[in-house]
Amino acid sequence: MEASGVRAVAALVAGMAQATRLPEVARAAAEGARLALDGSFAALSVWERERGRLRVLVNTGRLVAGEEEYPADESYAVHDFPEIALSSPREPRAWVEQADGPRRGAALRRQGRGCCVAAPLVLADRAWGELYVARDLGAPVFSPSDAEFAAVLASVTATGLAQYERLERVRRLAFTDPLTGLGNRRAVDERLARAVAAHRATGEPLVLVVCDVNGLKQVNDTYGHAAGDRLLERFGRLLSLCAAAFPGALAARLGGDEFALVVTGHPDAEVERAVAGMCRGAADLALGEGVACGIAGTGEGIGPPPTARRLFRLADAAQYRAKAAHAPGPVVAGRGEEGRAALRMADAPPPAAPGEPERRSFRGRE
C-alpha cells in the first residue's frame with residue numbers, strides 16, 4: 001500500500017476511534033473512505049436481517065435532492081444485492097459499477113454520478129452491511145486497484161465497528177439495570193449532570209421524577225421475590241411508556257423499589273400530566289399498592305438555580321410526602337401544601353445517621 005493509502009487508513013481509524021455513537025462512527029467511516037478513494041459521495045448501510053433490507057445510516061459528501069446526511073428511513077432490498085448477504089471475511093472483495101450498468105446504473109444517472117464502488121462489511125464472520133463510494137459523472141471510473149483498496153477500507157471499517165459494538169455492550173452493562181432493562185443510578189447521575197449544565201447555560205427546562213413502588217415488601221413476603229421482581233418489571237414498563245412521550249428522556253431504576261425519570265426540554269406541566277397517568281396505571285397493577293411519585297422541576301418555585309444534588313433531594317422529599325399522604329398522583333416540590341413541605345424538608349434536612357445514604361434521611365420523620 002502506498003504512503004497516501006496508509007495515511008488514509010490511519011485517518012479513517014482515528015475518526016472512528018473519536019466517535020461515541022453509531023451514527024458518528026458510521027459517518028467517520030464513510031467520510032474517511034470517500035476521501036481515501038477521491039469520491040464525491042459515500043454512504044454506509046447496515047443489513048437489517050429481520051426486515052430483509054439494507055438501511056442507510058449515513059450519507060456524506062455531495063448530496064443530491066432527496067438525500068439526507070442521517071436519513072430517517074432510506075433502505076434497499078438486500079435481495080437486489082446478494083453479494084452483501086453472501087460475503088465472508090475469507091473472501092474480502094469489492095466491485096465497481098458504472099452509470100451504464102444494469103443494476104445501479106439508473107440510480108447513478110439520476111444522482112448525477114458516473115460510477116461507484118461497493119464493499120461488504122463483515123463482522124465476526126457475518127455480513128453486517130455495505131460501504132459505498134461514488135464519483136460524479138465525468139470523473140475517472142474506479143479501477144480494479146480502487147476496488148481492492150475499497151475492500152481494505154471495508155475491512156478496517158468492520159474492525160472499527162466491532163470495537164464500537166464491544167464498547168457499547170460494556171457501556172450498556174455499566175449503565176443498565178439488569179432486571180428491568182432501564183437505566184441505572186449511574187446513568188441518571190450522568191444524564192442529570194448534563195441536563196443541569198444545559199439548564200444553567202440555556203435555560204432548557206429540566207424535570208426529575210422519583211418514584212417508589214408501594215407494597216413491594218409485602219409482595220415479596222407473601223408471594224416470594226420472583227413475584228416482587230415481576231412487579232418491578234411491570235412498573236418499569238409503565239415508566240418506559242411514560243418516558244416515550246418525551247424524546248430523549250431517561251427512565252431508570254435507582255435500586256430496590258425506587259425509580260427515576262429525567263426529562264429535558266418539556267414544560268413541567270406536560271411531565272406532571274404524563275406522570276399522573278402513570279400513577280393511575282400503577283394503581284391498576286395486579287400486585288403492589290400503586291406508586292408514590294415526587295417531581296422537582298425547574299419551572300416551579302424551587303429557589304436558586306438547581307444542582308443535581310438538590311434536585312434529587314427535592315424530588316425525593318416530594319416522593320416521601322406523596323407516600324406519607326397516600327397521594328393518588330405526584331407531589332410537585334414547591335407547589336401546594338405537600339409540595340411546600342417537601343421544599344422545607346429538602347432545604348433543611350437533619351443530619352443523616354452514620355453510614356445512612358443522604359437520600360434516605362427523610363425516611364421515618366415528619
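Below: a short report on this structure. (Residues numbered from 1 in each chain as written. Predicted model: local features only at pLDDT ≥ 70, side-chain atom pairs only at ≥ 80, totals over all residues. Heavy atoms only, no water.)

1. So, the side chain of Arg34
- Mapped onto the secondary structure, Arg34 falls in helix H2 (residues 22-36).
- Apart from the residues lying within four places of it in its own chain, the contact partners of Arg34 are Gly39, Ser40, Phe41, Ala42, Thr60, Gly61 and Val133. (Helix = DSSP H or I, 4+ residues; strand = E, 2+ residues; numbered from the N terminus. Contact = heavy atoms within 4.5 Å.)

2. Concerning the sheet that holds strand E10 (residues 291-297)
- The 5 strands are arranged E8-E9-E7-E10-E11 in an open sheet whose pairing can be described as mixed. Each edge of the open sheet is held by one strand with a lone partner, namely strand E8 (250-255) and strand E11 (331-332).
- Pairing of strand E7 (residues 206-213) with E10 involves 7 bridges; the strand directions are antiparallel. Bridging across to E10, Val213 finds its partner in Val291. (Pairing = 2+ DSSP bridges.)

3. Quick look at the pattern of salt bridges
- Evaluated as defined, the whole model comprises 19 salt bridges.
- Two residues, Arg53 and Glu48, come together in a salt bridge whose shortest N-O distance is 2.6 Å.
- The class of Glu48 is buried, set by a relative accessible area of 13%.
- Among the charged side chains, a network of salt bridges with common partners joins Glu48, Arg53, Arg55 and Asp73. (Salt bridge = Lys/Arg side-chain N within 4 Å of Asp/Glu carboxyl O. Buried < 20%, exposed > 50% of the residue type's maximum accessible area, 1.4 Å probe, protein only.)

4. What about the packing of aromatic side chains?
- Counted under the stated rule, the structure contains 2 aromatic pairs.
- Between Phe41 and Tyr132 the ring centres are 6.1 Å apart and the planes differ by 75°, which places this aromatic pair in the edge-to-face class. Residue Phe41 is found in strand E1 (residues 41-48), and its partner Tyr132 is found in strand E6 (residues 126-136); the two are separated by 91 residues along the sequence. For the pair formed by Phe41 and Tyr132, the shared burial category is buried.
- On the basis of an interplanar angle of 75° and a centroid distance of 5.0 Å, the ring pair of Phe235 and Phe259 is categorised as edge-to-face. Linking Phe235 in helix H8 (residues 225-244) with Phe259 in strand E9 (residues 258-264), this pair joins segments that are 24 residues apart in sequence. Of the two residues examined, Phe235 and Phe259, each falls in the buried class.
- Over the ring of Trp47 we find Arg49; its NZ or CZ atom is 4.1 Å from the centre of that ring.
- Positioned over the ring face of Phe312 is Arg185, at 4.3 Å from the centre of the ring. (Phe/Tyr/Trp six-rings, centres within 6.5 Å; stacked < 30°, edge-to-face > 60°. Lys NZ or Arg CZ within 6 Å of the ring centre and 35° of its normal.)

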